[in-house]
Amino acid sequence: MVPIQTFFRKHGLAFSLYEDYHPKRLEGRRESSNLLPAKGGNMRTELQIRSEAVCDLLGCRIPLVLAGMGGVARSELVAAVTAAGGFGFLGMVREPVDLIEREVRRVRDAGHMAFGVNLIPAATEPTLLARQLDALIDLEVPVVELFWDIDTHVVDRLRNAGVVVVYQVGSAGEARAAERAGAQAIVAQGVEAGGHVRGVTPLRELLPAVVSAVSVPVLAAGGLSSGADMAIAMAMGAKGVVLGTALMATEEAFAHPYHQQRLVEAAAEDTVLTGSFHINWPPNAPVRVLRSPLTATTASSAELQQIGEEEGRPIYRFSTDSPLKSMTGDFASMALYAGTGVGAIGSVVSAAERIAQILEQADRLMPDFPTLPITTSSSVCMAGEFTGAYMGHAEAEEISDCLRDIAHELTAILRASLARRADEGTLAKPPFDRDAATLAGWVLVMDQLCAESDVAIGNIATSSQTKENSDQELSRRRTLVRDRLANLLPRMPENRTRAVLSALGRFVASMPFPNSDPSGGSGSAVL
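Computed from a predicted model, the values in this text were never measured in an experiment.

## Here we look at the nonpolar core
As a rule of thumb, nonpolar side chains are buried together in soluble globular proteins. One finds Leu146, Ile186, Leu207, Leu414, Met446, Leu501 and Leu504 to be the most contacted residues of the largest nonpolar core, which totals 146 residues. Setting aside residues up to four positions removed in sequence, leucine 207 forms contacts with Ala188, Val218, Ala220, Ala233, Met236 and Ala238. Grouped together as the second largest cluster of nonpolar side chains are 7 residues, Ile120, Phe147, Trp281 and Ala285 included.

## Thoughts on the confidence of the model for the chain
Mean pLDDT over the chain works out to 82, with 78% of the residues at or above the 70 mark. Below pLDDT 50 for its whole length, residues 515-527 participates in 29 contacts with residues either more than four positions away or in separate chains.

## Considerations on the sheet that holds strand β11 (residues 195-196)
In space, the 3 strands of this open sheet follow the order β11-β15-β14, with antiparallel pairing throughout. In the strand order of this sheet, the two ends are held by β11 and β14 (271-274), each with one partner. As paired elements, β11 and strand β15 (residues 287-290) share 2 bridges and run antiparallel to each other. Counterpart to glycine 195 in the pairing with β15 is arginine 288.

## Here's the deal with the pattern of salt bridges
Taken as a whole, this structure holds 18 salt bridges when the rule is applied. In this structure, arginine 477 engages glutamate 473 in a salt bridge whose closest nitrogen and oxygen atoms are separated by 2.9 Å. Taken together, the residues arginine 477 and glutamate 473, both in helix α17 (residues 471-488) and 4 residues apart, mark about one turn of the helix. The pair arginine 477 / glutamate 473 is uniform in exposure class, with both members buried. One network of salt bridges, with partners in common, ties together Glu409, Glu473, Arg476 and Arg477.

## A few points about the pairing of strand β16 (residues 306-310)
On any regular strand, side chains alternate: one points to one face of the sheet, the next to the other face. Here 4 bridges tie β16 to strand β17 (residues 313-316), and the two strands are oriented antiparallel to one another. If you follow glutamate 310 over to β17, its bridge partner there is arginine 313. In sequence, β16 turns back onto β17 through a hairpin of 2 residues, with glutamate 311 there showing a positive phi of about 50°.

## Observations regarding the environment of alanine 253
As for its position among the elements, alanine 253 is in the loop between α11 (245-248) and α12 (257-265). We classify alanine 253 as buried; its relative accessible area is 0%. Other than its neighbours up to four places away in sequence, alanine 253 contacts Val72, Leu77, Leu247, Met248, Gln260 and Lys325.

## Quick look at helix α18 (residues 496-510)
Here α18 spans 21 Å end to end across 15 residues, near enough to the 21 Å set by a 1.5 Å rise per residue. Here α18 lies mainly inside the structure; 11 of its 15 residues are buried. If you check which residues of α18 are buried, you get Arg496, Thr497, Arg498, Ala499, Val500, Leu501, Ser502, Ala503, Leu504, Phe507 and Val508. Where α18 begins, the side chain of asparagine 495 points an oxygen toward the backbone nitrogen of threonine 497, at a separation of 3.2 Å.

## Some details on the sheet that holds strand β18 (residues 327-329)
Spatial strand order, β17-β16-β18: 3 strands in an open sheet with antiparallel pairing. Strands at the two margins of the open sheet, each flanked by one partner only, are β17 and β18. Here the average twist between neighbouring strands, direction ignored, is 30°.

## Let's talk about the packing of aromatic side chains
The geometry of an aromatic ring pair comes down to the distance between the two centres and the angle between the two planes. A full pass over the atoms with the stated rule returns 6 aromatic pairs. Grouped by ring-pair contacts, the aromatic residues Phe147, Trp148 and Trp281 constitute a single cluster. The cationic tip of arginine 198 hangs over the ring face of tryptophan 148; the distance from NZ or CZ to the ring centre is 4.7 Å.

## A few points about the side chain of glutamate 310
Summarising the element assignment, glutamate 310 is placed in strand β16. A distance of 2.6 Å separates the side chain of glutamate 310 from the side chain of serine 326, its partner in a polar contact. Setting aside residues up to four positions removed in sequence, glutamate 310 forms contacts with Arg74, Ile315, Leu324, Ser326 and Met327.

## Some points on the pairing of strand β7 (residues 116-119)
Residues Gly116 and Asn118 of β7 are buried on one face, and the alternating residues Val117 and Leu119, pointing to the opposite face, are buried as well. Strand direction decides the pairing type here: strand β6 (residues 87-91) and β7, joined by 3 bridges, are parallel. By the bridge assignment for β7, leucine 90 is matched with valine 117. Bridge count between β7 and strand β8 (residues 143-146): 4 bridges; the pairing is parallel. Residue leucine 119 lies in a different strand from β8, and its bridge partner there is leucine 146.

How each quantity is defined
Residues numbered from 1 in each chain as written. Predicted model: local features only at pLDDT ≥ 70, side-chain atom pairs only at ≥ 80, totals over all residues. Heavy atoms only, no water. Core = buried A, V, L, I, M, F, W, Y, C linked by side-chain atoms within 4.5 Å. Buried < 20%, exposed > 50% of the residue type's maximum accessible area, 1.4 Å probe, protein only. Contact = heavy atoms within 4.5 Å. pLDDT = per-residue confidence, 0-100. Pairing = 2+ DSSP bridges. Helix = DSSP H or I, 4+ residues; strand = E, 2+ residues; numbered from the N terminus. Salt bridge = Lys/Arg side-chain N within 4 Å of Asp/Glu carboxyl O. Expected span 1.5 Å × (residues − 1). Polar contact = N/O pair within 3.5 Å; in protein donor to acceptor, adjacent residues only side chain to side chain. Axes fitted to C-alpha atoms, helices over the stretch in contact; angles between N-to-C directions. Phe/Tyr/Trp six-rings, centres within 6.5 Å; stacked < 30°, edge-to-face > 60°. Lys NZ or Arg CZ within 6 Å of the ring centre and 35° of its normal.

Dropping the structure here:
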């Protein structure tokens, strides 16, 4: 296997050994976006992914972000996610200022300075919103996430106070508007997300479109709950991932145990996108929840039937309130938010354990390589290995062109395969076919090789658009990659790049394609 100091440099990703970044080993270590592993990792045993673009902006160690779920994401969960190396948003939509002050203080009392607060201006009464903004600025909260309508005045107010602004969006057009307004990072929320859903586009389509539309870092959100999801999202251009449902089912979440148990028992097809839960929100605001008798019911805002209580506050039927630890009442009739990745959640564990599981899963999906020492030369010096100094070897320009072409084709295969394998006519499914994760790993590896050799490949998530997802198109692209490798490898010197490309060649040769079996049967899809 190949030990390396940094991994995925173009994406700003760094890999280290899992043991060096396991949540238990992070205890007592200072919070710093510049915290690097003390030893190199390798492409097979690495379990910690770090995106500098996002981590430097937010001040976290790994690009894994806790969604600012209203009610659920309180100080205990934010602190736990931060201690595990991620970044957490307190869910403070419509919450009183004294609660915001209390939760911010508790996160800081736990020793964490890097965290954020989530607000939703469109769902908050203007006077309360003004007080919330005043409080966040006075408290010097470093990051604020906004959602729903693009509110330029709120962005201006926060940016002028030195607050980092992250905006969650549901379309590429909305992403562009958020960036123009001053957002410094974008969360692309696919229709697979639990809770309030802004757009109607599956994440596999939305993510590359948003990445192409803006120049700021993009995080992926919507039904993500596994290491495979993380690997695929980052191969599609994300600089990190946002988790909601996966972290709601943790010991530190403020969700009621009833809600958590329902998540553990549910599958993707048990979720539904509905407009039934509408009280407290702007009109036409669909939510993804677990299916119940209420999800097929339409009610007007005038039908106020109390079904629960939270510290003296009534909880009404069809309100957007989800069951919390502080509530009593008919939990089955409340909004049981859940994303389509819920089927991967098999138990309620600590946030640290859930994050460790996801990182372990991602690590196991990384391609395997023969052991070769990594060069410490600069990319310019490395180019010298590929010059005419090696008689009969390919020149640097040819190798660069080959790396670029292969990166483009693998990305096109990944995108086409995800689209081809998607079930028609249903939105109640996980965002990605997780069998695509190994292919996603190779997309990221090729991006790394291009970065090491100073090969400009453009936007890897969108530079190669597949117009056809047919069996013939997928086979054609695989053949192109195979032929480029077969032509180049015999003329390359013995070095790490050649070893990696040789391993890629073996992977490509093993990829089962439709009609590729000797019997002439339909075979299986590319993944």
